[in-house]
Amino acid sequence: MRHPGELAVQHRAGLDADGWGSAGAKAAIPAVAAGFLARQRMVVIGAADGDGAVWAGALAGPEGFVRAEGDREVRIDAVPESGPLAGLFDGDEDRDLGMLAIEPSTRRRMRVNGTARRTGSGLAVRTEQVYANCPKYIQTRTVDAGEAPAGSVASRASDRLRAGQAEWVAAADTFFIATRADGLGADASHRGGNPGFVAVADDRTLVWPDYAGNSMYMTLGNLELDPRCGLLFLDWERGRALHLTGTARTDWDPGRAAAVPGAQRLVAFTLERAVEVDGALPLRWTFEHYSKFNPA
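Cut-offs applied
- All residue numbers here refer to positions counted from 1 along the written sequence of the relevant chain.
- In keeping with the model being predicted, local features are shown solely for residues with a pLDDT of at least 70 and side-chain atom pairs are shown and tallied solely at 80 or more, while totals for entire chains, interfaces and linings include all residues.
- Hydrogens and water molecules were not included; the side-chain quantities draw on all heavy atoms of the structure.
- Runs of E in the DSSP output that reach at least two residues are strands. Runs of H or I that reach at least four are helices, and both are numbered from the N terminus.
- Our radius of gyration looks at C-alpha atoms and nothing else; its globule reference is 2.2 Å times the residue count to the power 0.38.
- When a residue's accessible area, from a 1.4 Å probe over protein chains only, is under 20% of the maximum for its type it is buried; when over 50% it is exposed; and in between it is partly exposed.
- In what follows, residue pairs with any heavy atoms lying within 4.5 Å of each other are defined as contacts.
- Note on areas: Shrake-Rupley, 1.4 Å probe, and residue coverage restricted to the protein chains presented here.
- Joining through side-chain atoms within 4.5 Å is the link that ties buried Ala, Val, Leu, Ile, Met, Phe, Trp, Tyr and Cys residues into a set, and such a set is a nonpolar core.
- This count recognises Lys and Arg as positive and Asp and Glu as negative, with His and chain-terminal groups excluded.
- Should a side-chain nitrogen of Lys or Arg be within 4 Å of a carboxyl oxygen of Asp or Glu, the pair is scored as a salt bridge.
- Residues adjacent in sequence count toward polar contacts only when both atoms are side-chain atoms; beyond that, a polar contact is any pair of N or O atoms within 3.5 Å, and within protein one must be able to donate a hydrogen and the other to accept it.
- Cavities and pockets were defined on a 1 Å grid built from protein atoms only: a cavity is a group of points that admits a 1.4 Å probe but offers it no way out, a pocket is an open group of points flanked by protein on both sides within 12 Å along at least five of seven lines, and a lining residue is one with an atom within 4 Å of any such point.
- Grid points are joined across faces, edges and corners, and a volume is the space filled by probe spheres set on the points.

**Student:** Describe the overall build of the protein chain, listing the residues and the values that go with them.
**Tutor:** Regarding its fold elements, the protein chain presents five helices and 17 strands. For the protein chain, the C-alpha radius of gyration of 18 Å lies close to 19 Å, the compact-globule estimate for 296 residues. Viewed in the frame of its principal axes, the protein chain has a C-alpha envelope of about 50 × 45 × 40 Å. Taken across its 296 residues, the protein chain has 52% of its residues classed as buried. Excluding contacts between residues fewer than 6 apart, the proportion of contacts in the protein chain whose partners are at least 24 apart in sequence is 70%. Total accessible area computed for the protein chain in this model is approximately 12600 Å², and 49% of it derives from carbon and sulfur atoms.

**Student:** Would you mind going over the nonpolar core in detail, with residue names and values included?
**Tutor:** Grouped together as the largest cluster of nonpolar side chains are 30 residues, with contacts concentrated most on Val 74, Ile 76 and Met 99. Among the secondary structure elements, those contributing two or more residues to this core are helix 2 (31-38), strand 1 (42-48), strand 2 (54-60), strand 4 (73-76), strand 5 (95-103), strand 6 (108-119), strand 7 (122-133) and strand 16 (265-278). Each residue touching Ile 76, except ones within four places of it in the same chain, is listed here: Leu 59, Phe 65, Val 66, Met 99, Gly 122, Leu 123 and Val 125. The next biggest cluster of nonpolar side chains, apart from the first, holds 28 residues, and it includes Leu 161, Leu 206, Trp 208 and Phe 269.

**Student:** Any chance you could break down the side chain of Arg 109 for me, citing the residues and the numbers?
**Tutor:** For Arg 109, the location among the structural elements is in strand 6. For the buried residue Arg 109, which engages in no salt bridge, the nearest side chain bearing the opposite charge is Asp 187, 9.3 Å off. At 2.7 Å, the side chain of Arg 109 and the backbone oxygen of Cys 134 are in polar contact. Side-chain polar atoms of Arg 109 contact the backbone oxygen of Lys 136, separated by 3.3 Å. In this structure Arg 109 touches Phe 36, Leu 100, Ala 101, Ile 102, Ala 132, Asn 133, Cys 134, Lys 136, Ile 138 and His 190, once residues within four positions along its chain are discounted.

**Student:** Can you explain empty space enclosed by the protein? Please cite residues and give values.
**Tutor:** Per the counting criterion, the structure on display carries six cavities of 30 Å³ or more. What the largest cavity holds in volume is close to 360 Å³. Taken together, 24 residues line the largest cavity, and the ones lying closest to its centre are Arg 191, Asp 210, Tyr 211, Gly 213 and Asn 214. A total of four residues in the lining of the largest cavity trace back to one element, the largest contributor, which is strand 11 (residues 185-192).

Given below as structure tokens:
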């Protein structure tokens, strides 16, 4: 199915590539993709809650906790237990799900979009789109040996960024974004750059550059049809997660984009709710190198 939002963004960006984006993604899981999934320790997922707000979150486990079963199903031996996605998949109905499997140590990533339902203590994902992405803007990190000791999970919710959260976002080199469009499914993607690439305009407004990528425009295409989205910022060293939900719009003004190194356009996000969760993930990561593609 051709995605009208992607087509609109591709046209505005001057791209004429029939079948590019969602239209070219296959539902079957190739053997190389199945092997990649089986090695992952973390995946990012995105979905809309009962009110239509879109959220992004992360699930973690040992190698093998994510695996392909057949050519159209992915099993995840985990469910969201904290944060805004907790309990979302407990019903009997399948729910649109976007998933990103990302391996920071090798700068490899792949996306799996489809529908998900809870099966016991895990999720079963029926795939609709399976495809790899380029390594641009991924900072290399390695998982520390073992897992952090289990601790209490505490969460705090607000309708704006607190001072510490604003500093966290302003210093980030990576975040994840979830989007969704009715009838076209959900998607989870990655954004990266040098620290400071996300600008905190005020306690409810973020702005980031849209750098040159694979020109599929699956994130911007969904936002063209539905501006609701979810952002996820991870504290790689302490296991905290900052979940944000709100709306985003693409700023196509070339003058404003020209003021930001490497930006082809800008994206402005308006916050509606923020949820910070301590102890969200058991993994701890050690930073190694910034991507050579990050604009200065």
